[in-house]
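# Geometric and topological summary
This is what each chain is made of:
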Amino acid sequence: MASAPETKTIETETATPNSSFIYEILYSPVNLLLTVIIVVLVYKIFRSKFGKVYVEPPTPELPKIRKDMTVAELRQYDGTQTDGRVLVAVNGWIFDVTRGRRFYGPGGPYAVFGGKDASRGLATFSVTSTDKEYDDLSDLNSMQMESVKEWEAQFREKYDLVGRLLKPGEEPTNYSDEEPEETDNSTSSPDDKKDQ
Ligand code: HEM
């Protein structure tokens, strides 16, 4: 009589072939979740090591341009031309942002700024641009103007300066005598009107 439970235990263990390793994994939701995570991670490692990874083609070096432009002239440089050049104006200065065409070029998150004066959008933290002929920004408050200047400083750090954004009737500067590397590094509006 005393040996009966022992026999029963042995019977139970041997009579459950389903308690295999796989069954145990699939039976517990936690184990199942962990298994899924491991499979996904292994898949990602293999894909990045052996799979085809898309690498953005390097932006071809374009000849530097040094030129003042009107809003209408600037508009052509939105990255849709064959050379893919993208220019953006900030606080009255035009920058060559072709290096950042993944931001400002066609399809980029800030494509609305490509070939445009981005000052107002940057100042108001809104990804929009106007088709105004010239935006003098005179209605922006001092905080917004501070923000425009900070953005200008960032653009000066990162991108090549092309020239000034011309107001209607304003004459372009002749840069032909300028040293190739010489650029104005002061953070200020071309007419310094907003610097007070
Ligand atoms: C949820 C909102 C936003 C997120 C998550 C976001 C995210 C980012 C990130 C991650 C970058 C850096 C990209 C990089 O250097 O690789 C960036 C850059 C930038 N963002 Fe945004 N952004 C947001 C909203 C905005 C808005 C509203 C504006 C403009 C009004 C803006 C303008 C810019 C500009 C101009 C850059 C610099 C690109 C460059 O380096 O030339 N962003 N943003």
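Our subject is the structure that appears above.
What counts, and at which threshold
Residues numbered from 1 in each chain as written. Predicted model: local features only at pLDDT ≥ 70, side-chain atom pairs only at ≥ 80, totals over all residues. Core = buried A, V, L, I, M, F, W, Y, C linked by C-beta atoms within 7 Å. Buried ≥ 20, exposed ≤ 12 C-beta atoms within 10 Å, placed from the backbone. Helix = DSSP H or I, 4+ residues; strand = E, 2+ residues; numbered from the N terminus. Contact = placed C-beta atoms within 7 Å. Near = placed C-beta within 6 Å. Nonpolar A, V, L, I, M, F, W, Y, C, P; charged D, E, K, R; others polar. Pairing = 2+ DSSP bridges.

### What to know about the nonpolar core
With 26 residues, the main nonpolar core has L87, V88, V90, I94 and F95 as its most contacted residues. Looking at this core, the elements with two or more residues in it are helix 4 (71–74), strand 1 (87–90), strand 2 (93–96), helix 6 (119–123) and helix 7 (142–158). Looking at this core, the element that brings in the most residues is strand 1, giving four residues. If near-sequence neighbours (up to four positions away) are discounted, V88 is found in contact with F95, V97, Y104, F113, G114, K116 and A118.

### Some remarks on unusual backbone geometry
Backbone phi values are negative for most residues with the exception of glycine, while trans is the configuration of most peptide bonds. Phi angles above zero are rare outside glycine, and N91 is one such case at about 55°. If you trace the backbone, N91 turns up in the loop between strand 1 and strand 2.

### Considering the site of the ligand
In the vicinity of the ligand, the residues found are G100, F103, Y110, G121, L122, F125, S126, V127 and K158. Taken together, the residues of the shell around the ligand sort by class into five nonpolar, three polar and one charged.

### Remarks on the pairing of strand 2
Where burial is concerned, the two faces of strand 2 agree: the one with W93 and F95 and the one with I94 and D96 are both buried. Examined bridge by bridge, strand 1 and strand 2 share four bridges and lie antiparallel to one another. Among the inter-strand pairings, L87 is bridged to a residue of strand 2, identified as D96. Once strand 1 ends, the chain turns through two residues before running back antiparallel as strand 2, passing N91 with a positive phi of about 55°. Taken together, the four bridges between strand 2 and strand 3 (residues 160–164) define a ladder with antiparallel strand orientation. If you follow D96 over to strand 3, its bridge partner there is D160.

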